[in-house]
Amino acid sequence: MANLFGTAHRNWLMSHPSTVPKLSKPLTFGLLGAADIGPAAIILPARTHPDVFIKTVAARDHAKAAAYAKKHGIPNVAKTYQDVLDDPNIDCVYIPLPNGLHYIWAQRALKAGKHVLLEKPSVSNSTEAERLFLPSVSGVPQSPESPSQPVLLEATHALFHPAWALFMSHVTPDAVASAKSSLWVPRWLFGPDDIRYNFDLAGGALMDLGAYTASTLKYIFGAVAEECVSCETSPYPGTDPRCDRGYHARYRFPNGGIGEMEGDLRAPLLKLTPEIHVTHRPVVVDSVEAGCDIKDGEEVLRTREVHFFNFVQPSFIHSITVTDKFEVRERGAATGTTPRKSWKQKKTLKAYTWRESGLAGFKEQPGEPHWSTYRHQLEQFVNRVRGRSTPQWIDGADSVKTIRMTDMAYTAAKLPLRPTSEEEI
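Described in the following lines is the structure provided in the data block.

Cut-offs and rules
- Residues numbered from 1 in each chain as written.
- Predicted model: local features only at pLDDT ≥ 70, side-chain atom pairs only at ≥ 80, totals over all residues.
- Heavy atoms only, no water.
- Salt bridge = Lys/Arg side-chain N within 4 Å of Asp/Glu carboxyl O.
- Helix = DSSP H or I, 4+ residues; strand = E, 2+ residues; numbered from the N terminus.
- Buried < 20%, exposed > 50% of the residue type's maximum accessible area, 1.4 Å probe, protein only.
- Pairing = 2+ DSSP bridges.
- Contact = heavy atoms within 4.5 Å.
- Axes fitted to C-alpha atoms, helices over the stretch in contact; angles between N-to-C directions.
- Right-handed = clockwise from strand over helix to strand, strands pointing away.

## Digging into the pattern of salt bridges
Two side chains bearing opposite charge may form a pair once their charged atoms approach each other closely.
Thought 1: Throughout the structure, instances matching the rule amount to 19 salt bridges.
Thought 2: A salt bridge links Lys-180 to Glu-262; the nearest nitrogen and oxygen atoms lie 3.3 Å apart. Here Lys-180 is found in strand β7 (residues 176-186), whereas its partner Glu-262 is found in strand β10 (residues 258-267), with 82 residues between them in sequence.
Thought 3: For Lys-180, a relative accessible area of 27% corresponds to the partly exposed category.
Thought 4: Among the residues examined, Glu-262 registers a relative accessible area of 12% and is labelled buried.

Here it is, written out as structure tokens:
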């Protein structure tokens, strides 16, 4: 009962955060778009950050922007997106526009000297990603060393939570044999007229959900996939057939491992929980780690499996289950040799704060149990803008690799890549 109450209380605080006093000169944010994701992604997290003040919002429909500003306590409403970028009193912009508009408005914001928190997927395809994130291509230098240069971050918020770091601390990328990342969306959430089914705006499940599943596979294997071996997609009848409703892709990684990812924008009721399964190859470990005594000429093999329940929104509830199978056998024995002894160890972990994670180098990081993934992300974004250490970060090169894997999947599925913006800054 206590755990149930704690979960309910944590989730209530997440959606009803108290507003903290602001610094005398906090970072000022402008929002490009009155998006539905805005409250969870930036407005509520900003309330508990003393160095963040949301000053302005703009939308194509000025009346909608005004209503949005009134509802969420935003003091100013700009006439256009460009007016936000031209405002010298705006330090940072958050861009939750439709996917197909991310590239051009991120470029414009960087050119205007604004720091950019960019919703995922960051761009429409790898061509745009290379132009935006790679300095030699974009012409807009990105450097954590110089506070005078703008910061650009793709908002893959789940990777900033302590639970993700705890999960990865039990994964050995070089030894991963297989991994599967799954993400489902309830079938009633997005109808056929949703922008996710608009090809010109870079719609599709691989774009929307693949930003999560592809990025997790990339980190689990420690590299971008070499090839998308296969990709099956499902359409949504009555919508553009070039926009996938669901997908199941298989990749081959440099270490020889196979990674799978699947997602569906109209998932059945039984498929509602995002999860990751990782299986490692057998590796030799120290007998002390295994907690056993061995004879001369013997060795201990460990085969590890890791399951991460609810990796996308671990702040609500999550669990990380680590199952180790140990075998004692003759040193150098062939695979399949009957071990002298074998047993399993299983543990279930969770981490709602950095201190709870117990990870070296993270214990002093701030955080409360009710902080959402977006709040942890905002903490690191502000740290990077202010020139402070950012233990958790997503480099531009990582964002490029993620969209490359999305492009691989579309090519394997024989679907066209999402359109590239014609405008260059």
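## Describing the environment of Gly-6
Thought 1: In this structure, Gly-6 sits in helix α1 (residues 2-15).
Thought 2: Look at Gly-6 and you get partly exposed, because its relative accessible area is 31%.

## Here's the deal with the sheet that holds strand β1 (residues 27-32)
Thought 1: Strand order across the open sheet formed by six strands is β3-β2-β1-β4-β5-β6, with parallel pairing between neighbours. Looking at which strands have only one partner, the edges of the open sheet turn out to be β3 (76-77) and β6 (152-154).
Thought 2: Pairing of β1 with strand β4 (residues 92-95) involves three bridges; the strand directions are parallel. Counted as the bridge partner of Leu-31 is Tyr-94 from β4.
Thought 3: The strands that helix α13 (residues 373-385) touches are β1, β2 (52-58), β4, β5 (115-118) and β6; relative to β5, the one it contacts most, it runs at about 160°.

## What about the pairing of β5?
Working note: regular strand, side chains alternate between the two faces of the sheet.
Thought 1: The two faces of β5 match: His-115 and Leu-117 on one face and Val-116 and Leu-118 on the other face are all buried.
Thought 2: For β4 and β5, the ladder comprises four bridges, and the chain directions are parallel. Paired with Tyr-94 across the two strands is Leu-117, which belongs to β5.
Thought 3: Traced from β4 through helix α5 (residues 99-111) to β5, the parallel crossover comes out right-handed.
Thought 4: Note that β5 and β6 share three bridges and pair parallel. Among the inter-strand pairings, Val-116 is bridged to a residue of β6, identified as Leu-152.

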